[in-house]
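Spelled out from the first residue to the last, the chains are:
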Protein chains: 4
Amino acid sequence: MTVQETRGEAELRRDYEALGERLARRGVEIEALKRRAAAFGVAVPSWGVGTGGTRFARFPGAGEPRHIFDKLDDCAVIARLTGATPTVSLHIPWDKADPAALRQKAAELGLGFDAMNSNTFSDAPGQPLSYKFGSLSHSDRQVRAQAVEHNLECIAIGEAIGSKALTVWVGDGSNFPGQSSFTRQFERYLEAMAQVYAGLPDDWRLFTEHKMFEPAFYSTVVQDWGTNYLIAQELGPKAFCLVDLGHHAPNVNIEMIVARLIQFGKLGGFHFNDSKYGDDDLDAGSVDPFRLFLVFNELVDAEGRVDGFHPAHMIDQSHNVTDPIESLMTSAMEIERAYLQASLVDRQALAGYQDENDALMAAQTLKAAFRTDVEPILALARLEKGAEIDPVAAYRRSGYRAKVAAERPAVAGGSGGIV
Amino acid sequence: MTVQETRGEAELRRDYEALGERLARRGVEIEALKRRAAAFGVAVPSWGVGTGGTRFARFPGAGEPRHIFDKLDDCAVIARLTGATPTVSLHIPWDKADPAALRQKAAELGLGFDAMNSNTFSDAPGQPLSYKFGSLSHSDRQVRAQAVEHNLECIAIGEAIGSKALTVWVGDGSNFPGQSSFTRQFERYLEAMAQVYAGLPDDWRLFTEHKMFEPAFYSTVVQDWGTNYLIAQELGPKAFCLVDLGHHAPNVNIEMIVARLIQFGKLGGFHFNDSKYGDDDLDAGSVDPFRLFLVFNELVDAEGRVDGFHPAHMIDQSHNVTDPIESLMTSAMEIERAYLQASLVDRQALAGYQDENDALMAAQTLKAAFRTDVEPILALARLEKGAEIDPVAAYRRSGYRAKVAAERPAVAGGSGGIV
Amino acid sequence: MTVQETRGEAELRRDYEALGERLARRGVEIEALKRRAAAFGVAVPSWGVGTGGTRFARFPGAGEPRHIFDKLDDCAVIARLTGATPTVSLHIPWDKADPAALRQKAAELGLGFDAMNSNTFSDAPGQPLSYKFGSLSHSDRQVRAQAVEHNLECIAIGEAIGSKALTVWVGDGSNFPGQSSFTRQFERYLEAMAQVYAGLPDDWRLFTEHKMFEPAFYSTVVQDWGTNYLIAQELGPKAFCLVDLGHHAPNVNIEMIVARLIQFGKLGGFHFNDSKYGDDDLDAGSVDPFRLFLVFNELVDAEGRVDGFHPAHMIDQSHNVTDPIESLMTSAMEIERAYLQASLVDRQALAGYQDENDALMAAQTLKAAFRTDVEPILALARLEKGAEIDPVAAYRRSGYRAKVAAERPAVAGGSGGIV
Amino acid sequence: MTVQETRGEAELRRDYEALGERLARRGVEIEALKRRAAAFGVAVPSWGVGTGGTRFARFPGAGEPRHIFDKLDDCAVIARLTGATPTVSLHIPWDKADPAALRQKAAELGLGFDAMNSNTFSDAPGQPLSYKFGSLSHSDRQVRAQAVEHNLECIAIGEAIGSKALTVWVGDGSNFPGQSSFTRQFERYLEAMAQVYAGLPDDWRLFTEHKMFEPAFYSTVVQDWGTNYLIAQELGPKAFCLVDLGHHAPNVNIEMIVARLIQFGKLGGFHFNDSKYGDDDLDAGSVDPFRLFLVFNELVDAEGRVDGFHPAHMIDQSHNVTDPIESLMTSAMEIERAYLQASLVDRQALAGYQDENDALMAAQTLKAAFRTDVEPILALARLEKGAEIDPVAAYRRSGYRAKVAAERPAVAGGSGGIV
């Protein structure tokens, strides 16, 4: 049972028609919106199809993927049912495998590869030096070299499978006032990243990601967009800032940061998710859907103004209490919804109200777009490309989870000992 | 020009019909919803029709009301155009006037009086003792007595005009660690409030309001719902907690506080507004409309469970950059919208998902209600009770603001000297 | 090398004497302070002697304790070198062992047992039912029964080893709006806790702990002191609230919460630590030492006013980048320092300034106490009870860590797979 | 009565000697520290000597200054008693006066003039165009021109009285999502500021100040250090960022921002104050003295590394419940204390611990400096330059407030009507 009206194709087409009439009254052509919806895509993170956890516990789900090939199978389900997630973003070392095998598997499933993600926030088994006290900004040159090397390896793997970007997030920071010199630590980070940047192919982009705190709890090297901007500026034209919606201080106006980075040519893309407290990694749009809309309002606005504007769309979430496939499908659709609602904003009217300082009507112009229930457009776009009107319902009917649970052995809980 | 489709009655009825068909598929009868919409009301604050300001400046608007009778005229416009604001909440001493004259004016305008509001956070001209260092919690017994007396006077005025509640918000607190003894200050507050409570008529309710900070910047006597609950518990069965949406610490889950206060029988009502940073007093639903919906989700849920549940609905906003009448109309409609969307939640399905820990479908159950564009219901309910399909457009056409601007002399800016 | 002057006994006595002269000028007798210092104690958590981690990684240290007996050895080192940590707080199931063996080991080491801690925030191996969707508040009666049973077992173990209190912290909450009914979830929690309370021996206390977020990221059942107070009130006279300094919303005035709980007879005790962002579990006093002092200012103030006032002092920290023994020693001394500085406050002068609203001098009264460097008193008190002037330096000289590292096999990293 | 030991010169010299012996054991020469203390200075804001207020009320004090000449008299008292505040920072238009008269008055009082402050956050009487919807970023070119003109006038006045810097803080922003285009608004700001910059004398510096919120409550043009850095970078080498300690998002690591701005050559200086919630403008060091110390730790560290490093030290506070002169004296001494404590940090040892990732000892190195009670050094430095051992006590004895209260008529309360 689903709470949305179980809407057959006939009902869907009636709803679409009724919406089309309303939009036509505003001068909006519904077919053009449907084409935008159909063309929209967001990358799924390979790590997102496993069940997440916290430092207190991880409660495994049934049929969790054992390796990258299982993960790709899960991602393909998401792509097939929603039609909105054509690519997968890999995380090294967890997703390391023979590149040819990866390419072939992805081709079979109709998937592509999005940005590569390196990991220097935990120690891999057998790794010679530890990242306990940092990686790219570590005080020991050898640790930094190891971290640089790892990032270069991620690029090499990415090249072999057709990726065009590297995302670097480090947990480096400190837990005590005085533990690290802010300045020397950042100098070391910049020097190491310059070596990574030097290894970047010409047609690649480098995304650096800022985050206020966690796993470091007093200071973090790339703590906010200001530092992130400095990095992108220091490194060069292929370096851009990645915005994760959950990585900011309380109350921060994220959509404004997005606008600033666009204005100064350094917005690289997003890790979409939602948060109420910290880096909660909740499902996109689940806690503050209007904020997600306001972010897309900036993106759609920039589309028409900024040459070569093509920010990367990626999901980054931790699914602790849901079936990860269901959460990723729902999130992809929420992101698409925000994009489509933002596409409905009457930008000419908005600019007029802004120029006249008619704050109330400017605000209502955004609200009118946000309030529009565009689900009929999204659903019909899905249907027409062979995906599902109601992907979650279709997934539940399919029995996929039970099937893989039978094939894939259960995974242990993990991390129960940290308090 | 308005950004929403300029929707005539014919279009509105078509939209209403199309929505009715969709809702019927979910088993929801649209006429019942329209009746709920028609019956909903929220009080307008008398101080809300003037232009607000900050400690840095106040930028007056045209035609600001000179006194309570002007304010009632403005409130009547809001009530007439929206059909959603039948009552006005007065603030003493600013709104002091002959009770008979107030009653007569209100009767002429078809308005009633909601909760009375006392003021001990600033010194009135000619007031013998200053509230600089507190009022109901002041270390000096005489200052406390003066503050108690003022509250009793507010009750007396309220009785004379038909009000049934007193709202008490104090700015008492401290600006330095050590300035006040938390304990003795709260003891004094409770003792003084017990005297106010003793003066409350049998059929009145007493609302106390908590706030984290401002105007006190280190500690505030009634700083959060925990302290507010203690107050209501100490005072007695006619004492209840008032929740202002902008008075909480960053990231706090306000809808959960609402649920707790309902559960323990102490939710009195609301000061609706929105905020991003502090007590921003922005228009309700303008920054986080989903949060407003989640608050109403608790209220509608309690309707069916809790005997005699009738929380007070009041707006408390500061209109610094808009025409206050427009902001109050828009806010009243946003509040009504959240109420109606919350009424759409399939509570039986929701309870089922909650019991089964189907977090995804439970969340989608709320989202399905929130995403429903109920504007046709709200607009038709307005039309049928003689109000306007589009109140802001009608107000602008009416020329009301220009008319009163010609009658009411301009007011000085105020407070420009505080940095 | 240590950064503090390497102070021999002769220098220490000179510093003590100079401080004594200064304090005498303020009418303070230094010997009385030294006796207070000597009598002060704070409990060490058994889990604190292992290296902590985050959801991203855990970087093990050398010589980590393998079981509760190793942990007790480490705790004994802390107690012997600082003279400030006479007791240990156990966590079940991790510390389960034969009670007689525990008692004997503790007796040999001169240690006692503080509050017992239950764990229903992760699944223990072999546990029949999962806490994935909650424990004491779970929608399934059987899961709640299992969680109650576990708490009763903790009491039984505690009785066998001489503990007198049970601390209950649950991670129960939700990750999505709608996932749980706030009201029914809390009703279930209260019902389950009433069963735990019923099993409490007459001379025991029950401590419940509130926390804003993590591991639940949309709502938490015991989210703040308001809810915690309701719990203690509902359960009965042996139920008290535990305050963890890192479990509050940003900007919250924690010392005021402490004062409120004292005033209403429900302050049970503390989990001391420090935090900058969330539940960072940093070393006590490392980020905001003045806040720690202000908390103790309330405690010392209550000592003289409140009959039978004896809040529990416990440390709860996660040591991710330091030797846990060093962090715990330093933290215990910071807590003792705050206590002693708070003991220096001239309470009569303070009350006078408060009554006269002399905010500046009231604030300076606290600052005068906080600024006093009481290290000579603390160090001499340590020396006189057979502990060390500089415990960290003595610990490093002792070679203890190297010795246990040789005896205890290395532990795997853990939790590296959660992103 | 003062809470600090009433310390005569004899006692002071004994305390100084005892401290000198302790410092000598750490290899620190106390006389050098005293010379640093004697050389330290911080500017007093002209607006700080009046009583501040909030949007709710202003409670005037006795003997408030009527104009800039009264203000200079008050500032001279602060300078004379503390020996730490040689300069005054003016705010235009409030402090407009004949430059020759200003120079002469200041010379008589032994005062100099620090940075000029412009005001475009409120409308001055008679001002042709309103700043209600912004100033330097206003959508109307004429309003921007007026704001530019005002800033150029501030420079002209400053040149005439010997100032060498202009501080620009604007309240520009928006109260509603959609009210302003983030991008166009910032473009307009940059264009206007370029005109101000063009008018800057060669030996002047331009300080721009960021602030998260208030008076704008949805977005602020210069919202954080990231945007502030972009401004300084766009404008040129004479443009620098000003850091006000109360203008950041909750939990933000301010000392790290200071380090970043130093590293990239754009730290201009400070508006010192303290805050717990927002821009509380509390007395420096009154709420979080360790944070103030950590900021100075960065400044003292940079002294030795960065050529031509001379950040501006200014106080910016609102004194609502204290005598402003007492608060400013106390704050100046707190700032000096933090500076001196930061000067005590053993930087060589610290760097060693940082390189070895000895987090505990690195942290203790800072704490050892912070814990040192340097009051004897500060007091003796004051005494030797003709100021007071205890400036607040001396001020109270002097009867200055009563004297000016008799001369200066009482000022009305102000701003009581804004709720």
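Computed from a prediction, not measured in an experiment: that's the story for all the values here.

Asker: Give me the overall build of chain A: which residues, what numbers.
Answerer: Along chain A, the regular secondary structure elements total 15 helices and 11 strands. In terms of overall size, chain A behaves like a compact globule, its C-alpha atoms giving a radius of gyration of 22 Å where 419 residues would be expected to give roughly 22 Å. By principal-axis analysis of the C-alpha atoms, chain A measures approximately 65 × 60 × 45 Å. Looking at the 419 residues of chain A, the share that counts as buried comes to 71%. Contacts spanning at least 24 positions in sequence make up 77% of the contacts within chain A whose residues lie at least 6 apart. Counting every atom, chain A has about 12,600 Å² of accessible surface; 52% of that belongs to carbon and sulfur. Mean positive and mean negative side-chain charge positions of chain A (42 and 57 charges, respectively) differ by 1 Å.

Asker: So, the sheet that holds strand 5 (residues 165–168) of chain D: which residues are in play, and what are the values?
Answerer: Residues and elements named next belong to chain D. Spatially, the 6 strands line up as an open sheet ordered 4-5-7-9-10-11, and their pairing is parallel. What marks the edges here is a single partner per strand, and that holds for strand 4 (116–117) and strand 11 (312–315). Pairing of strand 5 with strand 7 (residues 205–209) involves 4 bridges; the strand directions are parallel. Residue pairing in the sheet places threonine 167 in a bridge with phenylalanine 207 of strand 7. Most of the contacts of helix 7 (residues 225–235) go to strand 9 (residues 239–244), to which it runs at about 160°, and overall it touches strand 7 and strand 9.

Asker: Go over the interface of chain A and chain D with me, naming the residues and quoting the values.
Answerer: Size of an interface: often given as the accessible area lost when the parts come together. With 54 residues of chain A at the contact, the number on the chain D side is 54 residues. When chain A packs against chain D, the two sides together hide about 4,600 Å² of surface, and 58% of this comes from carbon and sulfur. Ranking the residues of chain A by area buried against chain D places Phe182(A), Met256(A) and Asn357(A) at the top, with a combined share of 13%. Linking chain A with chain D are 2 salt bridges. Measuring nitrogen to oxygen at the nearest pair gives 3.1 Å for the salt bridge that ties Arg184(A) to Asp355(D). Where chain A touches chain D, the interface holds 23 residue pairs in polar contact (both at pLDDT 80 or more). Secondary-structure elements contributing two or more residues to the side of chain A that touches chain D are helix 6 (182–198), strand 8 (219–220), helix 7 (225–235), helix 8 (254–263), helix 9 (289–303), helix 11 (347–356) and helix 12 (359–371) of chain A. Ranked by residues supplied to the side of chain A that touches chain D, first place goes to helix 7 of chain A with 7 residues.

Asker: An account of the environment of Glu153(C) is needed here, citing residue identities and associated values.
Answerer: For Glu153(C), the position within the fold is in helix 5 (residues 141–161). Overall, the relative accessible area of 29% leaves Glu153(C) in the partly exposed class.

Asker: Give a description of the environment of Gln341(B) that names residues and reports values.
Answerer: Residue and element names in this part refer to chain B. Position of glutamine 341 among the secondary structure elements: in helix 10 (residues 324–343). A sequence separation of 267 residues divides glutamine 341 from aspartate 74, and the C-alpha atoms of the two residues are 28 Å apart. Among all residues touching glutamine 341, those that are not within four sequence positions of it are Phe293, Ala369, Phe370, Thr372 and Val374. Within the local environment of glutamine 341, its side chain forms a polar contact with the backbone oxygen of threonine 372, the two atoms lying 3.2 Å apart.

Asker: Would you mind going over the pairing of strand 11 (residues 312–315) of chain A in detail, with residue names and values included?
Answerer: Here strand 11 of chain A shows no split at all, with Ala312(A) and Met314(A) on one side and His313(A) and Ile315(A) on the other all buried. In this view, the connection linking strand 10 (residues 267–272) of chain A to its parallel neighbour strand 11 of chain A by way of helix 9 of chain A has right-handed handedness.

Asker: Requested: an account of the relation of the copies chain B and chain A, with residues and values cited.
Answerer: Rotating chain B by 180° and translating it 0.0 Å along the rotation axis places it on chain A, where the RMSD comes to 0.0 Å. The operation mapping one copy onto its partner corresponds to a two-fold rotation axis. Looking at the interface residues of chain B, 100% of them are also at the interface in chain A, so both copies use one shared face.

Asker: Pulling in residues and values, what's your account of the relation of the copies chain A and chain D?
Answerer: Expressed as a screw operation, the relation of chain A to chain D combines 0.0 Å of axial shift with a rotation of 180°, fitting to an RMSD of 0.0 Å. The fraction of interface residues of chain A whose copies in chain D are also interface residues reaches 100%, indicating that both copies meet through the same surface.

Asker: Help me get a handle on the sheet that holds strand 2 (residues 87–89) of chain D, residues and values and all.
Answerer: Spatially, the 3 strands line up as an open sheet ordered 1-2-3 (chain D), and their pairing is parallel. With partners counted over all chains shown, the strands left at the sheet margins are strand 1 (44–45) and strand 3 (112–113) of chain D, one partner each.

Asker: Outline the confidence of the model for chain A, listing residues and values.
Answerer: Residue and element names in this part refer to chain A. In this model, chain A carries an average pLDDT of 96, and 97% of its residues clear a pLDDT of 70 or more. With pLDDT under 50 throughout, residues 414–419 is counted as low confidence; its partners more than four residues away or in other chains account for 26 contacts. Reported confidence for the predicted complex is 0.96 by ipTM and 0.97 by pTM.

Asker: Residues and numbers for the interface of chain B and chain A, please.
Answerer: Contact residues are listed per partner, giving 52 residues for chain B and 52 residues for chain A. For the pair chain B and chain A, the two sides together bury roughly 4,600 Å², of which 51% comes from carbon and sulfur. There are 14 salt bridges connecting chain B and chain A. Here Arg22(B) makes a salt bridge to Asp15(A), at a shortest N to O gap of 3.6 Å. Where chain B packs against chain A, one counts 16 residue pairs in polar contact (both at pLDDT 80 or more).

Asker: Summarise the side chain of Glu214(A); cite the residues concerned and give the values.
Answerer: You can see Glu214(A) is positioned in the loop between strand 7 (205–209) and strand 8. Look at Glu214(A) and you get buried, because its relative accessible area is 13%. Residues contacting Glu214(A), with those up to four places away along its chain left out, are Trp169(A), Asp279(A), Arg55(C) and Phe56(C).

Asker: Give me the packing of helix 3 (residues 68–82) of chain C against helix 4 (residues 99–109) of chain C: which residues, what numbers.
Answerer: Residues and elements named next belong to chain C. The geometry of helix 3 relative to helix 4 is characterised by a closest axis approach of 10 Å and an angle of 20° between their N-to-C directions. Judged by the inter-axis angle, helix 3 sits roughly parallel to helix 4. Between helix 3 and helix 4 lies a crossing of right-handed hand. Only Ala101, Leu102, Lys105 and Leu109 of helix 4 make contact with helix 3, whose side of the interface consists of Ile68, Phe69, Leu72, Asp73 and Ala76. For the contact of helix 3 with helix 4, the per-class residue count stands at 7 nonpolar, no polar and 2 charged.

What counts, and at which threshold
Residues numbered from 1 in each chain as written. Chains lettered and ligands numbered in written order. Predicted model: local features only at pLDDT ≥ 70, side-chain atom pairs only at ≥ 80, totals over all residues. Heavy atoms only, no water. Helix = DSSP H or I, 4+ residues; strand = E, 2+ residues; numbered from the N terminus. Rg over C-alpha atoms; globule rule 2.2 N^0.38 Å. Buried < 20%, exposed > 50% of the residue type's maximum accessible area, 1.4 Å probe, protein only. Contact = heavy atoms within 4.5 Å. Areas by Shrake-Rupley, 256 points an atom, 1.4 Å probe, with all protein chains shown as cover. Lys, Arg positive; Asp, Glu negative; His and termini not counted. Charge placed at Lys NZ, Arg CZ, Asp CG, Glu CD. Pairing = 2+ DSSP bridges. Axes fitted to C-alpha atoms, helices over the stretch in contact; angles between N-to-C directions. Buried area = accessible area lost by both parts, 1.4 Å probe. Salt bridge = Lys/Arg side-chain N within 4 Å of Asp/Glu carboxyl O. Polar contact = N/O pair within 3.5 Å; in protein donor to acceptor, adjacent residues only side chain to side chain. Right-handed = clockwise from strand over helix to strand, strands pointing away. Least-squares fit on C-alpha atoms with pLDDT ≥ 70 in both. pLDDT = per-residue confidence, 0-100. Parallel < 35°, antiparallel > 145°, perpendicular 65-115°, else oblique. Left-handed = near helix turned anticlockwise from the far one by under 90°. Nonpolar A, V, L, I, M, F, W, Y, C, P; charged D, E, K, R; others polar.

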